[in-house]
Amino acid sequence: MQGKGFEPYQGKTYPLDEVEYRSKSFLEFMEKRRTVRDFSDQPVPQSIIRNIIMTASSAPSGAHKQPWVFCAISNTELKSVIRKAAEVEEYQNYHGRMSDEWLDELKQFNTDWNKPFIDIAPWVIVIFRKAYDFENGEKKKNYYVQESVGIATGFLLSAIHQAGLVALTHTPSPMNFLGRILERPENEKPYLLIPVGYPLEQAQVPTLERKKEDEVIIWY
Ligand code: IYR
């Protein structure tokens, strides 16, 4: 496939002292991001969700295929249908499908099969990955789909945090019900379900420690 040629790079660069400062302040900002389960029902305008999703869609992807679709749901009835279907699966997960070891690991997060945040959060974003696209009715394979959609999800979570909203990366499993409810074509597979909104004023998050740098960085 012929590309569109090349153009000058438009990103900004800075002298090193500024790069130092910028990298540190972004770290401090991102370290404040938390997964939040206590959502306020305060509405969030569609324009904000649009900006957040388009930030996610600016992520790099294999052969620039952008193998993703973001379904943004604010419709109350639809959210309620999704919640009920998620809870059917999650009830089974918490009552036999997850190992005792797994359930034990989750105790610190206070999760269970109830998923009220799907009803309460003003928006639920369901991310779909596309293993292939259709071009003129023909299947066109995408590349590094899991990696690409994972990176786009990271951009999405960062954009949500930057906007001053909160998110929960929810993984109902199995999640084929999302493709059916949202009437997505067969080349789109659900990837993650992410409620987005304001946190409740009295929102609580589990006390967690993050790994120290000598556990996550190996210098050569
Ligand atoms: N999908 C379930 C269980 C769950 C699994 C992991 I790993 C978590 O970090 C949190 C929850 C649920 O959403 O409750």
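Everything numeric in this text was worked out from a predicted model, so none of it was measured. (Residues numbered from 1 in each chain as written. Predicted model: local features only at pLDDT ≥ 70, side-chain atom pairs only at ≥ 80, totals over all residues. Heavy atoms only, no water.)

Visitor: Quick question: what am I supposed to make of the packing of helix H2 (residues 46–56) against helix H6 (residues 145–163) here?
Guide: Close contact between H2 and H6 brings their axes to 7 Å; oriented N to C, the two are set at 145 degrees. Viewed along their axes, H2 and H6 form a crossing whose handedness is right-handed. Contacts between H2 and H6 pair Ile52, Ile53, Thr55 and Ala56 from the former with Ala152, Phe155, Leu156, Ala159, Ile160 and Ala163 from the latter. Here the contact of H2 with H6 is built from residues that sort into 9 nonpolar, 1 polar and no charged. (Axes fitted to C-alpha atoms, helices over the stretch in contact; angles between N-to-C directions. Helix = DSSP H or I, 4+ residues; strand = E, 2+ residues; numbered from the N terminus. Left-handed = near helix turned anticlockwise from the far one by under 90°. Contact = heavy atoms within 4.5 Å. Nonpolar A, V, L, I, M, F, W, Y, C, P; charged D, E, K, R; others polar.)

Visitor: Help me understand the pairing of strand E1 (residues 68–73) in this model?
Guide: Remember that side chains alternate between the two faces of the sheet whenever the strand is regular. With 5 of 6 residues buried, E1 lies mostly within the body of the structure. Bridge count for E1 against strand E2 (residues 123–130) is 6 bridges, and the pairing is antiparallel. Paired with cysteine 71 across the strands is valine 126, a residue of E2. (Buried < 20%, exposed > 50% of the residue type's maximum accessible area, 1.4 Å probe, protein only. Pairing = 2+ DSSP bridges.)

Visitor: Please clarify how a nonpolar patch on the surface should be interpreted in this entry.
Guide: Where nonpolar side chains cluster on the molecular surface, the patch consists of Val216, Ile217 and Trp219 and spans about 350 Å² of accessible area. Relative to the elements of secondary structure, tryptophan 219 occurs in the segment after helix H8 (213–216). For tryptophan 219, a relative accessible area of 69% corresponds to the exposed category. (Patch = residues over 30% accessible without salt bridge, like charges linked within 9 Å, V, L, I, M, F, W, Y side chains within 5 Å. Areas by Shrake-Rupley, 256 points an atom, 1.4 Å probe, with all protein chains shown as cover. Salt bridge = Lys/Arg side-chain N within 4 Å of Asp/Glu carboxyl O.)

Visitor: Explain the site of the ligand to me, please; I cannot follow it from the model alone.
Guide: Taken together, Glu90, Tyr94, Trp102, Leu106, Lys115, His170 and Thr171 make up the full set of residues adjacent to the ligand. Between the ligand and tyrosine 94 there is a distance of 2.5 Å, counted from an oxygen atom to a side-chain nitrogen or oxygen. In the environment of the ligand, a nitrogen atom lies 2.9 Å from a nitrogen or oxygen atom belonging to the backbone of threonine 171. Within the complex, the protein chains bury 71% of what would otherwise be the 370 Å² of accessible surface of the ligand. Listed by contribution, the elements that provide at least two residues to the shell around the ligand are helix H3 (76–97) and helix H4 (100–106). Grouping the amino acids of the shell around the ligand by side-chain chemistry returns 3 nonpolar, 2 polar and 2 charged. (Near = heavy atom within 4 Å. Polar contact = N/O pair within 3.5 Å; in protein donor to acceptor, adjacent residues only side chain to side chain.)

Visitor: What exactly am I supposed to notice about the sheet that holds strand E6 (residues 188–197) here?
Guide: The strands making up a sheet associate through hydrogen bonds between their backbones, and the pairing can be parallel or antiparallel. Read across the sheet, 4 strands follow the order E1-E2-E6-E5 without closing on themselves; strand pairing throughout is antiparallel. Lying at the two open borders of the sheet, with one neighbouring strand each, are E1 and strand E5 (166–167).

Visitor: Looking at this structure, I do not really get unusual backbone geometry. What am I missing?
Guide: Peptide bonds are trans in most cases, and residues, glycine excluded, mostly fall at negative phi. Cis geometry is adopted by the peptide bond preceding proline 174, which originates at serine 173 and carries an omega value of -10 degrees. Note on placement: proline 174 falls in the loop between E5 and helix H7 (176–181). The phi dihedral of asparagine 110 is positive, around 60 degrees, even though this residue is not glycine. Within the secondary structure, asparagine 110 is located in the loop between H4 and helix H5 (117–120). Here asparagine 110 falls in the exposed class, since its relative accessible area comes to 70%. If you check the backbone angles, asparagine 136 has positive phi at about 50 degrees while not being a glycine. Locating asparagine 136 in the fold gives a position in the loop between strand E3 (132–135) and strand E4 (138–141). Overall, the relative accessible area of 83% leaves asparagine 136 in the exposed class.

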